[in-house]
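Coordinate inspection notes
Chain by chain, the residues run as shown.
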Amino acid sequence: MKKLVVLTGSGISSESGLKTFRDAGGLWENYDVMEVASYAGWVKNMELVLRFYNERRAQLKDAEPNPGHKGLVDLEQYFDVEIITQNVDNLHEKAGSSKVLHLHGILTQARSTEDPELVYDIGYNPINPGDNCEKGFQLRPDIVWFGEAVPAIEQAAAITSGADIFVVIGTSMVVYPAAGLIDYVPKKVPVFLIDPNDVAVPLYRHINFIREKAGKGVSILKEKLLSDYLN
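Presented here is an overview of the structure given in this document. Being a predicted model, the structure only gives us computed values, none of them experimental.

Turning to its location among the elements, Arg111 is positioned in strand E6 (residues 105–112). Given a relative accessible area of 14%, Arg111 falls into the buried group. There is a polar contact of 2.9 Å between the side chain of Arg111 and the side chain of Asp142. Excluding anything up to four places from it in sequence, Arg111 contacts Pro116, Leu118, Val119, Gln138, Leu139, Arg140, Pro141, Asp142, Ile143 and Glu148.

Written as structure tokens, this is what we have:
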């Protein structure tokens, strides 16, 4: 079974009604992104940051996977699908994807401000001031903020290096280090990019463009992959 590695960004979740700061020029649900997605913002106003992510978590509770997420689950019947996502929602998991790596963390987890190894599943519950880990330190969202290291990037690079097919869905390919994963795709491996917008891609790679939103694009991708690899 061929390994199909999929890198997803906000474009795949937007069809489920979830917005990101890129939708409005640096605003995320009307918040200045650096106020709510940076360590400096956390130090400046912890209550604001916690409220922001509590709102995102409550919104996520009612969000449902769209045909893009579900289409990737369907592909598991035919390929060894591994998803690397820049999204902090859990819609891939809700849809039923079995292998999902979150590069930038996930809303449904909290972690200690002092010990990053202490991570807790909180579901859709809020994090409040005074909610501490067992060592007595304040909990924070388990989110990789701007300027912070991306611990999962090495694992993501290793997964990408083993791809037989590589697919990019709904990401602008300008946020590093995630955008650099395409450099780890073996040279002869076909690369597909699903996005209705123009996306900057390396000139040295041949890219198979599917200029559609995620839901329709994944359907087109599935048809093509089944024709090319299973007939």
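Before going further, it helps to examine the sheet that holds strand E8 (residues 139–143). Strand order in the open sheet made by the 3 strands is E7-E6-E8, with antiparallel pairing throughout. At either margin of the open sheet sits one strand with a lone partner, and together these are strand E7 (119–121) and E8. When the angles between neighbouring strand axes are averaged without regard to direction, this sheet yields 45 degrees. Examined bridge by bridge, E6 and E7 share 3 bridges and lie antiparallel to one another. Paired with Gln109 across the bridge in E7 is Asp121. Contacts from helix H4 (residues 46–62) reach E6 and E8, with the element oriented near 140 degrees to E6.

Turning next to the pairing of strand E10 (residues 191–194). Along any regular strand the residues' side chains alternate between the sheet's two faces. Covered by surrounding structure in E10 are Val191 and Leu193 together with Phe192 and Ile194, the residues of both alternating faces. Relative to E10, strand E9 (residues 165–169) runs parallel, the two sharing 4 bridges. Bridge pairing links Ile169 to Ile194 in E10. One ladder, built from 4 bridges, connects E10 with strand E11 (residues 207–210); its direction is parallel. Pairing of Leu193 across the sheet is with Phe209, part of E11.

Extensive coverage of E6 is indicated by the burial of 7 of its 8 residues. Bridge count between E6 and E8: 4 bridges; the pairing is antiparallel. Directly across from Ala110, in E8, lies its bridge partner Pro141. Counted along the chain from E6 to the antiparallel partner E7, the turn is 6 residues long.

The next point concerns the pattern of salt bridges. Counted according to the given criterion, the structure contains 11 salt bridges. The partner of Asp80 in a salt bridge is Lys3, and the shortest N-O contact between them spans 3.2 Å. Taken together, the residues Asp80 in strand E4 (residues 80–85) and Lys3 in strand E1 (residues 3–8) connect sequence positions 77 residues apart. Take Lys3: its relative accessible area is 17%, and that puts it in the buried class.

We now examine the sheet that holds E11. Within the open sheet, the 6 strands sit side by side as E5-E4-E1-E9-E10-E11. Their pairing is parallel. Looking at the sheet topology across the chains shown, the edges are occupied by strand E5 (100–102) and E11. Across the sheet, the axes of successive neighbouring strands diverge by a mean angle of 20 degrees, strand direction being ignored. Across the face of the sheet, helix H8 (residues 214–229) comes into contact with E1, E9, E10 and E11 while running at roughly 155 degrees to E10.

Rules behind the numbers
Residues numbered from 1 in each chain as written. Predicted model: local features only at pLDDT ≥ 70, side-chain atom pairs only at ≥ 80, totals over all residues. Heavy atoms only, no water. Helix = DSSP H or I, 4+ residues; strand = E, 2+ residues; numbered from the N terminus. Buried < 20%, exposed > 50% of the residue type's maximum accessible area, 1.4 Å probe, protein only. Polar contact = N/O pair within 3.5 Å; in protein donor to acceptor, adjacent residues only side chain to side chain. Contact = heavy atoms within 4.5 Å. Pairing = 2+ DSSP bridges. Axes fitted to C-alpha atoms, helices over the stretch in contact; angles between N-to-C directions. Salt bridge = Lys/Arg side-chain N within 4 Å of Asp/Glu carboxyl O.

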